[in-house]
There are 2 protein chains.
Amino acid sequence: MFLSFSGITALIANGVYDSAYPLHDVSLLYQAWARYSVLYKYQPIDLIRKYFGEEIGLYFAWLGLYTELLIPASLVGIIVFLYGCATIDNDIPSVEMCDEKNNFTMCPLCDKSCDYWNLSNACSTARASHLFDNPGTVFFSIFMAVWATVFLACWKRRQMRLTYKWDLTVLEEEEVINYCFIIVFLEQADNDKLTWKDRVPGYLGNFVSILFMIGLTFSAVFGVIIYRISVEAAMALSTNENTKSNIRVTVTTTAVIINLLVILILDEIYGAVATWLTEMEVPKTEKIFEERLILKAFLLKFVNSYASIFYVAFFKGRFAGRPGQYVYVFNNFRMEECAPGGCLMELCIQLSIIMLGKQLIQNNLFEIGVPRMKKLYRKLKDKRAEPEELTNSTPTRQAQQWDQDYKLEPYTGLTPEYMEMIIQFGFVTLFVASFPLAPLFALLNNIIEIRLDAKKFVAELRRADAVRAKDIGIWYIILSGMGKFSVIINAFVIAVTSDFIPRLVYQYMYSDDGSMHGFVNHTLSYFNVSEFQQGTNPQSVQFINVKVCRYKDYREPPWSEDAYDYSKEYWAILAARLAFVIIFQNLVMFLSEVVDWLIPGTPKDISVRIKKEKTLLDDVFLKKEDEKLQLIKSFLKPNQRQKPKVANGMATSSWHCFHINCTLLRK
Amino acid sequence: MFLSFSGITALIANGVYDSAYPLHDVSLLYQAWARYSVLYKYQPIDLIRKYFGEEIGLYFAWLGLYTELLIPASLVGIIVFLYGCATIDNDIPSVEMCDEKNNFTMCPLCDKSCDYWNLSNACSTARASHLFDNPGTVFFSIFMAVWATVFLACWKRRQMRLTYKWDLTVLEEEEVINYCFIIVFLEQADNDKLTWKDRVPGYLGNFVSILFMIGLTFSAVFGVIIYRISVEAAMALSTNENTKSNIRVTVTTTAVIINLLVILILDEIYGAVATWLTEMEVPKTEKIFEERLILKAFLLKFVNSYASIFYVAFFKGRFAGRPGQYVYVFNNFRMEECAPGGCLMELCIQLSIIMLGKQLIQNNLFEIGVPRMKKLYRKLKDKRAEPEELTNSTPTRQAQQWDQDYKLEPYTGLTPEYMEMIIQFGFVTLFVASFPLAPLFALLNNIIEIRLDAKKFVAELRRADAVRAKDIGIWYIILSGMGKFSVIINAFVIAVTSDFIPRLVYQYMYSDDGSMHGFVNHTLSYFNVSEFQQGTNPQSVQFINVKVCRYKDYREPPWSEDAYDYSKEYWAILAARLAFVIIFQNLVMFLSEVVDWLIPGTPKDISVRIKKEKTLLDDVFLKKEDEKLQLIKSFLKPNQRQKPKVANGMATSSWHCFHINCTLLRK
């Protein structure tokens, strides 16, 4: 096996040179691309490609298409949201919840210190819930699933068009041997190849580390839950009425912010860990290295970003038990429940804060702030160093382009850019059923993001080496996997987290007059307050003479034969929820297949042109063969010399000849 | 637009020639392929391809791979079946059903004339059901879903290998203009193109006709249901005890046979209808014509073959109502129910008879019998015609190969062959949960089928024109669609048709000791016999003093508050069934994705060789360029003449030059 390890890479690695980079020459690109005044224009993709190479060109083309397609998604999202706003007063369940005449005495939300309360207190959350929990969201999540398919199909077309335009259709990527591999290989020069034994520790370490990291994420989420439970319990003990009424808002908000901080910190750590782990694996080529790194980083960051959201969507409030038999963790802390308005509202808050917070902080702080600070720091260091250097250096030399560029941060690849967008794509597709405004926020972010990235690439980073690339590689697979995953997640969000199915079931199975009147009453079960566990019944009772209190669940009433068992309604609604998941998933998958089939991967005009060129190329090849034949003939019979034909051959059955050639070569 | 319509096709169309075909020369192929004594050997695919061309070669390669992969599937199927046989005596529910001490008095199976009956009478069907309704089948249907994915992935590889070997990797298929299109086009010579207006009647007629045909299939299925209901009712009136006891067997068997006959007849009709409809559409090229024809024929034949099976699997017995409130159709015929052993048994009978019957009759009668009869008929006709011809023709001329071949049937394409196999593939995958022996029967059929087809192709049909083909075309899409469809169908068969889920739910939710004891009792609801509708209660009562009878359903008992409503168990089990569908479908889809990802489409050795050849080809091309350059130089400077290098060039950065060429061509 032959390993080439020479050229500028080797010289830099050996410390002969400090760094090597192409020089910037940005005026045109800056004018046409990296200013906020061209926000509304398409990006000059060809110019970008000329300046930075195909790989970066493709990234910006992809980002542009994604942003473009977010426009219709945002519009539909806004319409769905407005529909929710418009119908809020006609929503019978929330009207019923707000009606103080419906005197539902609810069971206390915590042991001892909490009192009974009236359901009408939860009026505002119920009304807010309706904004995100209405039939419009069901439609919207179907729409967004199909949108994701359309996006991928359109990207395939756009990519095909670009690779054709940029003459990459026949590009075969070179194998660039990874630097680490060379080092490890050189150390073990006695062996010809890295054996299985050399690799096992790497793989094993990898596996264990990833499991550990995922465990870390989960424990962070769990820690926040504990925080929430314990603070809630502590605050409930307080006698200050004002504190008490704000408990939920305070706790929820602080908890989400803690979550967000944890996510941001772990995100940075995980990026470093993924690189370290991939280096441990010693993959052979740069391409494999990058793919493995991306997969690992994606896995870790995905779990990190979404773990707390998954918890709120599917687990929160489902292990809380029921009055008289609550589930306790640690020192008799009761497991948390969702607000009376339903978990969807909390999911929406969680989602919006994490999505917006992540975008704002990562974009502004990390992408602009940190490089500026680094620059500033270097400037300060330079200034301090200057007095000594002043004497040594020639003071007359003017700062050249390479001096200016040297001061910039080195370019480190597109992975962070893609990763950020893919995680955002997850917010836009995965939980869109609970937050129809997600595409709008993504759109607003991306319009800025494109120019921010542009500025960064032309003004704050050293110019990147031009790298050829045919496609966006593994990111496409991740995107398409995410699109598929989003279908089942949305199905479950609608079926399990939202109240859509219970409402439908009530309307068609239990309602007396086919309307939603009485739905709230139907969702509340009864509890006989004499059955509270010892010492858990509320101490300060403002409510007098309470015999039964109500709680949100479908269970048998105390006077039933099997009191507090799940009722028939519970099972019927569960069956309906699951049936909805099946129908939704299969419908959306079918629609996606149809859409994918309707949008061909290669645009018609491109495929026609490719075909034509192939024929032309064959003709040229044939002419060459013809010339050669003529030439050979002319050498064989020097007396009957002929001028070889150069321009016009006979080229009739080009394919046949071409094939014979291939067959000859194969031998 | 230029339409070429000349050559032998035009001459035949104009009646100048009667037909044109390549001559047979079969001895070698017959020896190596078309004899039953080579049954156990691989097919000589390369020989077949040489003799018949790529298209037919690919068909037999595909059929060979399919048959090969049916071997493991059959083995696992047999093991699952044997597992069922072995555990039949340990199956508590069927033991309980057979135990005459468990005195379950069942409600009568028909109005008036039927008596109450004891559940132990259904002992044998319960035992038989267990053969196909055990945990093994769940495993087997997961296995078969993955098997289908593996089959498709393997075929992709095999196809790649063959196209490489047969030098088709760069083949671009020619557009052959369809005959009908030319005729229609010539008629409308004033127009340049067939306009939308010319096509609308075709498309519309198509749509309506297909709907009509599908309606026809459904009404045929419905007709058989009516037959079954009415004959059952008529036989029940008979006083002959012997007749009565055999009712179910007689009716079921005759009904399935009628179904089978209807399927066979409609199959032939639908084939003709699909051709007619496609001709009406006037597609432009032969390829589009074939694709549309195949899609239509497949749709019709698929519905035709499986409609009655779908009915038994998912609808039979679900609209029968309950004692005291049966559903009646027409003249007070009660809707049919499944046998007490469960619908799965009937599904299995239906499936096996239709599958075996279709294979035996279509293979033997239609594929061998009909051609022989045609041959015989033609011989007889010839003989009758001979006396007249005898005088005209020269009696001395010996029969040549073309004379012999002329007597054979003309070759009409591969569509019927593929179609037969695809429908069989459906039997093997779609309902495999109810019939684990299906792969075995398919395997046995195919081993014969290959040689039968071989004989047909070499001895009973005129030799086919060699047609080039890169792949099996639209059949691959149909196969893969069928594989996907089979996942959801099998999920539903296990969840809804079989007793797998109710058993699990009973064991983990309702059983006192975690065993299956008492399951049979749990599945039977109570009916108060005093509540029979006027005139429907059994007349001749052998059972004395019956107060309540039992029926198979999950409903509230008569003494409950809401008697005869669906019980809590019903909804719990329904929820469990649907949950199973979701888990099964997503698990299998995930497994399929993993398998598809693990098996790369192009075998490693082939991709390496393709790459190498490409480089070689580029080198050759480059050398030509070099020669040309030398030549031009030599002409430009006639004084410094050089011999052009012919064999060894410099070929370092071949790609670059190659690319410049492409770019030049594009302009």
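Residues numbered from 1 in each chain as written. Chains lettered and ligands numbered in written order. Predicted model: local features only at pLDDT ≥ 70, side-chain atom pairs only at ≥ 80, totals over all residues. Heavy atoms only, no water.

**Observations concerning the overall build of chain A**
Moving on, step 1. Along the backbone of chain A there are 21 helices and eight strands.
Moving on, step 2. Residue burial in chain A is summarised as follows: out of 667 residues, 48% are buried.
Moving on, step 3. Here the contacts in chain A between residues at least 6 apart in sequence split such that 80% fall between residues at least 24 apart.
Moving on, step 4. As presented, chain A carries roughly 34,100 Å² of accessible surface, and 61% of it is formed by carbon and sulfur atoms. (Helix = DSSP H or I, 4+ residues; strand = E, 2+ residues; numbered from the N terminus. Buried < 20%, exposed > 50% of the residue type's maximum accessible area, 1.4 Å probe, protein only. Contact = heavy atoms within 4.5 Å. Areas by Shrake-Rupley, 256 points an atom, 1.4 Å probe, with all protein chains shown as cover.)

**With respect to the packing of helix 14 (residues 415-429) of chain A against helix 16 (residues 474-497) of chain A**
All names here are of chain A.
Moving on, step 1. Where helix 14 contacts helix 16, the axes come no closer than 9 Å and their chain directions differ by 20°. Looking at the two axes, helix 14 sits roughly parallel to helix 16. In the packing of helix 14 onto helix 16, the handedness of the crossing is right-handed. The segment helix 14 lies against helix 16, with T415, Y418, M419, I422, F425, G426 and T429 engaging W475, I478, L479, M482, S486 and N490.
Moving on, step 2. The class makeup of the residues in the contact of helix 14 with helix 16 is eight nonpolar, five polar and no charged. (Axes fitted to C-alpha atoms, helices over the stretch in contact; angles between N-to-C directions. Parallel < 35°, antiparallel > 145°, perpendicular 65-115°, else oblique. Left-handed = near helix turned anticlockwise from the far one by under 90°. Nonpolar A, V, L, I, M, F, W, Y, C, P; charged D, E, K, R; others polar.)

**Quick notes on the state of the cysteines**
All names here are of chain A.
Moving on, step 1. Using the criterion set out here, one finds four disulfides over all chains in the structure.
Moving on, step 2. The disulfide partner of C98 is C123, and the S-S distance across this bridge is 1.9 Å. Between C98 and C123, the S-S torsion sits near 90°, and that sign places the bridge as right-handed. One end of the pair, C98, is in helix 5 (residues 92-98); the other, C123, is in helix 6 (residues 123-132), and 25 residues separate them in sequence.
Moving on, step 3. Here C107 is linked by a disulfide to C549, with a sulfur-sulfur distance of 1.9 Å. (Disulfide = S-S within 2.5 Å.)

**Things to note about unusual backbone geometry**
Residues and elements named next belong to chain A.
Moving on, step 1. For Y564, which is not glycine, the phi dihedral falls at a positive 70°.
Moving on, step 2. Along the chain, Y564 turns up in the loop between strand 8 (548-552) and helix 19 (568-598).
Moving on, step 3. For Y564, a relative accessible area of 5% translates into the label buried.

**A closer look at a positive patch on the surface**
Residue and element names in this part refer to chain A.
Moving on, step 1. Together, K375, K379, K383 and K407 give the surface a local cluster of positive charge.
Moving on, step 2. Tracing the backbone shows K375 in helix 12 (residues 343-392).
Moving on, step 3. Since its relative accessible area comes to 44%, K375 is described here as partly exposed. (Patch = residues over 30% accessible without salt bridge, like charges linked within 9 Å, V, L, I, M, F, W, Y side chains within 5 Å. Salt bridge = Lys/Arg side-chain N within 4 Å of Asp/Glu carboxyl O. Lys, Arg positive; Asp, Glu negative; His and termini not counted. Charge placed at Lys NZ, Arg CZ, Asp CG, Glu CD.)

**Side note on the packing of aromatic side chains**
The description of an aromatic ring pair uses the distance of the two centres, along with the angle that the planes make with each other.
Residue and element names in this part refer to chain B.
Moving on, step 1. Here the structure, examined in full by the defined rule, presents 84 aromatic pairs over all chains.
Moving on, step 2. When the ring of Y418 is compared with that of W475, the centres are 5.2 Å apart and the planes differ by 20°; the resulting orientation is stacked. A residue pair is termed long-range when its members are at least 10 positions apart, and Y418 in helix 14 (residues 415-429) and W475 in helix 16 (residues 474-497) qualify at 57 residues. Here Y418 matches W475 in class, with each residue buried. (Phe/Tyr/Trp six-rings, centres within 6.5 Å; stacked < 30°, edge-to-face > 60°.)

**Considerations on the nonpolar core**
Moving on, step 1. The biggest cluster of nonpolar side chains holds 243 residues, and the ones touching the most others in it are W62 and F431 of chain A together with W62 and F431 of chain B.
Moving on, step 2. Among all residues touching W62 of chain B, those that are not within four sequence positions of it are F151, W155, Y418, M421, I472 and L479 of chain B. (Core = buried A, V, L, I, M, F, W, Y, C linked by side-chain atoms within 4.5 Å.)

**Description of the side chain of S94 of chain B**
Residues and elements named next belong to chain B.
Moving on, step 1. Position of S94 among the secondary structure elements: in helix 5 (residues 92-98).
Moving on, step 2. Accessibility expressed as a relative area gives 3% for S94, which makes it buried.
Moving on, step 3. Ignoring anything within four residues of it in the chain, the contact list for S94 reads I88, A126 and R127.

**Quick notes on the packing of helix 4 (residues 54-86) of chain A against helix 15 (residues 438-460) of chain A**
Geometry of a packed helix pair, given as the angle between the helix axes and the separation of the axes.
Residues and elements named next belong to chain A.
Moving on, step 1. Where helix 4 contacts helix 15, the axes come no closer than 7 Å and their chain directions differ by 155°. Judged on the interaxial angle alone, helix 15 and helix 4 are roughly antiparallel. In the crossing of helix 4 with helix 15, the sense of the turn from one axis to the other is left-handed. Facing I56, Y59, F60, L63, G64, Y66, T67, L70, I71, A73, S74 and I78 of helix 4, the residues of helix 15 in contact are P439, L440, A442, L443, N446, I447, I450, D453, A454 and F457.
Moving on, step 2. Per-class residue counts for the contact of helix 4 with helix 15 are 17 nonpolar, four polar and one charged.

**Topic: the environment of A122 of chain A**
All names here are of chain A.
Moving on, step 1. Its place among the elements puts A122 in the loop between strand 2 (117-118) and helix 6.
Moving on, step 2. With a relative accessible area of 6%, A122 lands in the buried category.
Moving on, step 3. Through-space distance from the C-alpha of A122 to that of A339 is 8.2 Å; in sequence the pair is 217 residues apart.

**Description of the UniProt feature "domain: Anoctamin dimerisation" (unreviewed entry) in chain A**
Moving on, step 1. Those places that UniProt annotates as "domain: Anoctamin dimerisation" (unreviewed entry) correspond, in this numbering, to residues 7-45 of chain A.
Moving on, step 2. Helix makes up 36% of residues 7-45 of chain A and strand 0%. Its end C-alpha atoms lie 31 Å apart. (UniProt positions renumbered as here; feature names shortened; annotations may be inferred.)

**Remarks on a nonpolar patch on the surface**
Moving on, step 1. A contiguous nonpolar patch, built from I583, L587, F590, L591, V594, W597 and L598 of chain A and spanning about 740 Å² of accessible area, is present on the exposed surface.
Moving on, step 2. As for its position among the elements, F590 of chain A is in helix 19.

**What to know about the pattern of salt bridges**
Moving on, step 1. Under the defined criterion, the tally for this structure stands at 32 salt bridges over all chains.
Moving on, step 2. A salt bridge links R158 of chain A to E68 of chain A; the shortest N-O distance between them is 3.9 Å. Remark: E68 of chain A occurs in helix 4 and R158 of chain A occurs in helix 7 (residues 135-165); sequence separation between them is 90 residues.
Moving on, step 3. Among the residues examined, R158 of chain A registers a relative accessible area of 30% and is labelled partly exposed.
Moving on, step 4. Exposure remark for E68 of chain A: the relative accessible area of 27% places this residue in the partly exposed category.
Moving on, step 5. Linking E593 of chain A and K484 of chain B is a salt bridge whose minimum nitrogen-to-oxygen distance equals 3.3 Å. Taken together, the residues span two chains, with E593 of chain A in helix 19 and K484 of chain B in helix 16.
Moving on, step 6. Because the salt bridges share partners, they merge into one network encompassing R228, K316, E336 and E346 of chain A.

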